[in-house]
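# Report on the structure
The chain contents come next:
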Amino acid sequence: MVKRIAHELKEHIPFTALGALTGIIIMVIVVLGNVPHHISDTVFHILHPVHVLLSALVTTAMYMRYKKGKVWVVILIGWTGAIGIATISDAMIPYLGGNLLHAKMEFHVPFIEEWWINLLALAGIGIGYWRQTTKIPHFGHVLLSTWASLFYIMAFGIADDWIPLLPFIFLILFVAVWIPCCLSDIVYPLVFLGNEPEPPSPERRETVS
């Protein structure tokens, strides 16, 4: 298990680094273009729910593909895997990272403040339960998660000048995607599969959770 996790963490580095780089480019455009603050808020509230929906869908589909559990177990795994990990990736780590940079950050828990996000998670679980063939490019998940984390920082954080902080923002985006992404794609399914066959890595199956 430890070797598997270490291998996947290593394999995720190129995807995550490139994703974080796209986030930095977007941030430069937003800052230099004086894009209104409310735009970042709107973009976050689009990207995060989509992230939750896709995470619930594929987490559920991957579990169902290898182990036909009871419906309540499937719902529990799909919901916690999507809501829990997406919240850590898109909100908690960006919030903590922004505070480390001494930016004025507001803490928000999207699935509590926006109750309908839970409905999207349930919709994703339903789709994944009935259809386990949906495939989503792994790099698409990396980009979606990276941009959601980025727009959380810009929507709920205020700094005197973001430009000098860009190298540190890169690290925040990298961590916000790298660890949770591996947790959702590798560790989380393995925990519930028990002795069932191990799911293929993202590089081989081109799916995300």
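Residues numbered from 1 in each chain as written. Predicted model: local features only at pLDDT ≥ 70, side-chain atom pairs only at ≥ 80, totals over all residues. Heavy atoms only, no water.

## Describing the environment of His-141
Stated formally: Every helix listed is a DSSP run of H or I at least four residues long, and every strand listed is a run of E at least two residues long, numbered separately from the N terminus.
One can find His-141 in helix H6 (residues 138–156). Considered as a pair, His-141 and His-51 are 90 residues apart in the sequence and their alpha carbons are 7.7 Å apart.

## Comments concerning helix H5 (residues 116–130)
The cut-off we apply is this: One less than the residue count of a helix, multiplied by 1.5 Å, gives the span that helix is expected to have. Burial classification: accessible surface area is computed with a 1.4 Å probe over protein chains only, and a residue below 20% of its type maximum counts as buried, one above 50% as exposed, and the rest as partly exposed. As used here, the arc belongs to the directions running from the helix axis to the C-beta atoms. Contact criterion: two residues are considered in contact whenever any of their non-hydrogen atoms come within 4.5 Å of each other.
Over its 15 residues, H5 runs 22 Å from end to end, which matches the ideal 21 Å to within 8%, given 1.5 Å per residue. Looking only at H5, the buried set comprises Ile-117, Asn-118, Ala-121, Gly-124, Ile-125 and Gly-128. Looking straight down H5, one finds that the buried residues subtend no more than 115° of arc, so they occupy a single side. The inward-facing, buried residues of H5 abut helix H2 (37–66), helix H3 (71–100) and helix H4 (110–113).

## Brief notes about a nonpolar patch on the surface
Using the following cut-off: Residues enter a patch when their relative accessible area is above 30% and they make no salt bridge; the linking distance is 9 Å between like charges and 5 Å between nonpolar side chains (Val, Leu, Ile, Met, Phe, Trp, Tyr). Note on areas: Shrake-Rupley with a 1.4 Å probe; residue coverage comes only from the protein chains shown. A pairing counts as a salt bridge when a side-chain nitrogen of Lys or Arg comes within 4 Å of a carboxyl oxygen of Asp or Glu.
Residues Val-71, Ile-75, Trp-115, Trp-116, Leu-119 and Leu-122 make up a contiguous nonpolar surface patch of roughly 590 Å² in combined accessible area. For the nonpolar patch, the secondary structure elements donating two or more residues are H3 and H5. For the nonpolar patch, the element with the most residues is H5, which contributes 3 residues. Mapped onto the elements, Trp-115 comes out in the loop between H4 and H5. Trp-115 gets classed as exposed once you look at its relative accessible area, which sits at 59%.

## As for the packing of H2 against H5
Going by this rule: What counts as an axis is a line fitted to C-alpha atoms, over the stretch in contact for a helix, and the angles between N-to-C directions run from 0 to 180 degrees. Relative orientations are named as follows: roughly parallel for angles under 35 degrees, roughly antiparallel for angles over 145 degrees, roughly perpendicular for angles from 65 to 115 degrees, and oblique for any other angle. For any helix crossing, the convention is left-handed if the near helix is rotated counterclockwise from the far helix by under a right angle, and right-handed if that rotation is clockwise.
Following both chains from N to C, one finds H2 and H5 inclined at 30°, their axes separated by 7 Å at the closest point. One finds that H2 runs roughly parallel with respect to H5. Of the two possible hands of crossing, H2 and H5 adopt the one that is right-handed. Residues His-45, His-48, Pro-49, Val-52, Leu-53, Ala-56, Leu-57, Thr-60, Ala-61 and Met-64 of H2 form the contact with H5, whose own contacting residues are Trp-116, Ile-117, Leu-120, Ala-121, Ala-123, Gly-124, Ile-125, Ile-127, Gly-128 and Tyr-129.

## What to know about the nonpolar core
Which entries qualify depends on this criterion: The definition of a nonpolar core used throughout is a set of buried Ala, Val, Leu, Ile, Met, Phe, Trp, Tyr and Cys residues joined through side-chain atoms within 4.5 Å.
Formed by 26 residues in total, the largest nonpolar core has its most connected members in Met-27, Ile-153, Trp-162 and Ile-169. Elements represented by at least two residues in this core include exactly helix H1 (2–32), H2, H6 and helix H7 (166–193). Looking at this core, the element that brings in the most residues is H6, giving 9 residues. In this view, Ile-169 contacts Ile-24, Met-27, Leu-101, Ile-153 and Trp-162; residues no more than four positions away in its chain are not counted. Judged by nonpolar contacts, the second largest core, of 13 residues, contains Met-64, Ile-77, Ala-82 and Ala-86.

Nothing here speaks to function; it is geometry throughout.
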